[in-house]
Amino acid sequence: VQLQASGGGLVQAGGSLRLSCAASGRTFSSYAMGWFRQAPGKEREFVGGISWSGGSTYYGDSVKGRFTISRGNAKNTVYLQMNSLKPEDTAVYYCAAAPRYINIVTTTPDDYDYWGQGTQVTVSS
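These numbers come from a predicted model, not from an experiment.

Parameters and conventions
- Residues numbered from 1 in each chain as written.
- Predicted model: local features only at pLDDT ≥ 70, side-chain atom pairs only at ≥ 80, totals over all residues.
- Heavy atoms only, no water.
- Pairing = 2+ DSSP bridges.
- Helix = DSSP H or I, 4+ residues; strand = E, 2+ residues; numbered from the N terminus.
- Axes fitted to C-alpha atoms, helices over the stretch in contact; angles between N-to-C directions.
- Disulfide = S-S within 2.5 Å.
- Buried < 20%, exposed > 50% of the residue type's maximum accessible area, 1.4 Å probe, protein only.
- Phe/Tyr/Trp six-rings, centres within 6.5 Å; stacked < 30°, edge-to-face > 60°.

Peer 1: Explain the sheet that holds strand β3 (residues 17-24) here, please?
Peer 2: Strand pairing in a sheet relies on backbone hydrogen bonds, with the paired strands running either antiparallel or parallel. Judged by pairing direction, the sheet is antiparallel, and its 4 strands sit side by side in the order β1-β3-β8-β7 without closing on themselves. In this open sheet, the two strands that pair with only one neighbour each are β1 (2-6) and β7 (67-71). Within the sheet, the average angular offset between the axes of one strand and its neighbour, ignoring direction, is 15 degrees. Where β1 lies against β3, 5 bridges are found, and the strand directions are antiparallel. Looking across to β3, one finds that A5 is bridged to C21.

Peer 1: Honestly, the state of the cysteines in this entry has me stumped. Any pointers?
Peer 2: Here a disulfide denotes a covalent bond joining the sulfur atom of one cysteine to the sulfur atom of another. For the structure on display, the rule yields 1 disulfide. The disulfide bridge from C21 ends at C95, spanning 2.1 Å between sulfur atoms. Where C21 bonds to C95 through sulfur, the torsion about that S-S bond is close to 60 degrees, and the disulfide is right-handed. Taken together, the residues span a long stretch of sequence, with C21 in strand β3 and C95 in strand β9 (residues 91-98) at a distance of 74 residues. By the burial criterion, C21 is buried, and C95 matches it.

Peer 1: Would you take a moment to explain the packing of aromatic side chains for this structure?
Peer 2: Describing an aromatic ring pair means giving the distance of the ring centres and the angle of the ring planes. By the definition in use, this model includes 6 aromatic pairs. Seen from their ring centres, F36 and Y112 are 5.1 Å apart, and the 80 degrees between their planes marks the pair as edge-to-face. Note that F36 is positioned in strand β4 (residues 32-38) and Y112 in the loop between β9 and β10 (114-115), a separation of 76 residues in sequence. Take F36 and Y112: they sit in the same class, and that class is buried. Ring centres 5.0 Å apart and planes at 50 degrees place the aromatic pair F36 and W115 in the tilted group. Of this pair, F36 sits in strand β4 while W115 sits in strand β10; the two residues are 79 residues apart in sequence, bridging distant segments of the chain. On the basis of relative accessibility, which here comes to 0%, the residue F36 falls in the buried class. Ring-pair connections join several aromatic residues into one group, and the members of that group are F36, F46, Y58, Y112 and W115.

Peer 1: Can you help me understand unusual backbone geometry in this one?
Peer 2: Leaving glycine aside, a negative phi is the common case for residues, and trans is the common case for peptide bonds. Backbone geometry places S84, a non-glycine residue, at a positive phi of 50 degrees. Tracing the chain through its elements places S84 in the loop between β8 (77-82) and β9.

Any link to function would need more than the numbers given here.
Now the structure itself:
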């Protein structure tokens, strides 16, 4: 399974970005997906996750109310809409797939078996 993340860039504080993550290759019949981020010198942080059906979502406390995760109709694409961005949102954002979890959203990085290459998000003040 290959995950390709895109959509990162430079934005001013208060602005918005939408990240996309597309799965290709040997895709599983169903799997939960998530977004994580890592800033320099910090641990990888859970941002948000979504179940296979899209019926369950869960967010990290630092992004609740500002970020929204969704899945495309084909289920193999996941989006992260980021609004009201803050300088502290600056990080490399990674998408990940958790084939062992279908309709449960997990926040633990070790539960995700496949990771994308990351896309840089920089928020200027």
